[in-house]
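# Examination of the molecular architecture
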Amino acid sequence: MYCDLHCDTLTVCRDGEDADRFTKSVNDLKNSGCKTQCFAIFTENKTEEQFFAYADYFWQEMRSLQDIAEPVLRRGDISRISGEGKLACMLTAENLGFLQGDPRGVYRIAKCGVKMASLVWNTQNAFACPNMIFKNGVPDFALREKRGLTSKGKEAVEIMNSCGIYADVSHLSDGGVKDVLEISSYPVIASHSNAYEVCPVCRNLTDGQIKAIADSGGLAGVNFCRDFLGFDDIFEGVLAHIKHIVNVGGEDCVAFGSDFDGMSAPEGLETCRNMPDLLNYLDCNLGGRLAEKIACGNFMRVFDN
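Report follows, based on the coordinates.

Here is what the cut-offs are and how they apply
- Residues numbered from 1 in each chain as written.
- Predicted model: local features only at pLDDT ≥ 70, side-chain atom pairs only at ≥ 80, totals over all residues.
- Heavy atoms only, no water.
- Helix = DSSP H or I, 4+ residues; strand = E, 2+ residues; numbered from the N terminus.
- Buried < 20%, exposed > 50% of the residue type's maximum accessible area, 1.4 Å probe, protein only.
- Polar contact = N/O pair within 3.5 Å; in protein donor to acceptor, adjacent residues only side chain to side chain.
- Contact = heavy atoms within 4.5 Å.
- Axes fitted to C-alpha atoms, helices over the stretch in contact; angles between N-to-C directions.
- Parallel < 35°, antiparallel > 145°, perpendicular 65-115°, else oblique.
- Left-handed = near helix turned anticlockwise from the far one by under 90°.
- Phe/Tyr/Trp six-rings, centres within 6.5 Å; stacked < 30°, edge-to-face > 60°.

To continue, consider the side chain of threonine 11. Structurally, threonine 11 is set in helix 1 (residues 9–15). In this structure threonine 11 comes out as buried when scored by relative accessible area, which is 5%. In this structure the side chain of threonine 11 is engaged in a polar contact, spanning 3.0 Å, whose partner is the backbone nitrogen of phenylalanine 42. When residues no more than four places from it in sequence are discounted, the contact partners of threonine 11 are Ala40, Ile41, Phe42 and Tyr54.

Set out below in structure tokens:
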């Protein structure tokens, strides 16, 4: 069994032409041993109206798939849902830029069931700056953005906590991550970010960030994107980043953040159908106890127990 902090499947399915793709995806997740999947609404260049259209799609799918999947709305839901043999589905938001600098818009997304949200993607907005610095329209992965949250961004984090929404710092600038860690009363989550010391690109977490996220009780979800792993062998790369994050932050702060449907699929780990092979690999190389914590236990500690 495993849990996954991030995928773009919901957005891709809603935008696609295959009306049954979400149903197929849920069945694939269940068959792969997924216990909980976080489904992100990706909002770059989207309006608030478009965001809620995606949310409506999620809820329509939840109603139509109620025999095999249910939404996660409160603590204990994951255990109950998975105990009934269903997939637990958590709605998240990637990039709150569509709120146009209105922190009170967080109340509106909370009402539609969002449980985790990031302030920014790769373009600066009224809340925050991304960790990527662009030169002539191309990201320079060697540079790291130092600017922090705006006053509106800080207010948004405070409101997120008051609504039970976890702050996701993947894609966020170094200064923004620092601000979130100082403001948030909730564990801080990097839903799909790897270790900078293993692969030195700005999208990955520094050792200081990993330690601070761990100290908050939060999680770093290892991203399966080859560009952020830095290894030709994908399983070897996932293992290397897990080991480093464990060494820096301890074994309680590592999880999966696959980024399925949001990246160029790496050979051998193209979809959730490959997850049983990865789980077996980690079990052999880490031992069953630690492999289980990374696959599921740490996620459950934060979101369910």
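Text resumes after the structure shown.
With that settled, the discussion passes to the packing of helix 10 (residues 234–249) against helix 11 (residues 275–286). Where helix 10 contacts helix 11, the two axes come as close as 11 Å, and the packing angle between them is 50 degrees. The pairing of helix 10 with helix 11 is recorded here as oblique in orientation. The handedness of the crossing between helix 10 and helix 11 comes out as right-handed. Contact with helix 10, carried on its side by Phe235, Glu236, Val238, Leu239, Ile242 and Lys243, involves Asp277, Leu278, Tyr281, Leu282, Asn285 and Leu286 of helix 11 and no other residues of that element.

What follows concerns the packing of aromatic side chains. Both the distance between ring centres and the angle between the ring planes are used here to describe each pair of aromatic rings. Throughout the structure, instances matching the rule amount to 13 aromatic pairs. Judged by centre distance (4.9 Å) and plane angle (80 degrees), the rings of phenylalanine 42 and tryptophan 121 are edge-to-face. With phenylalanine 42 in strand 2 (residues 34–42) and tryptophan 121 in the loop between strand 5 (114–118) and strand 6 (133–135), the pair connects residues that are 79 residues apart, well separated along the chain. According to the relative accessible area criterion, tryptophan 121 is partly exposed, its value standing at 25%.

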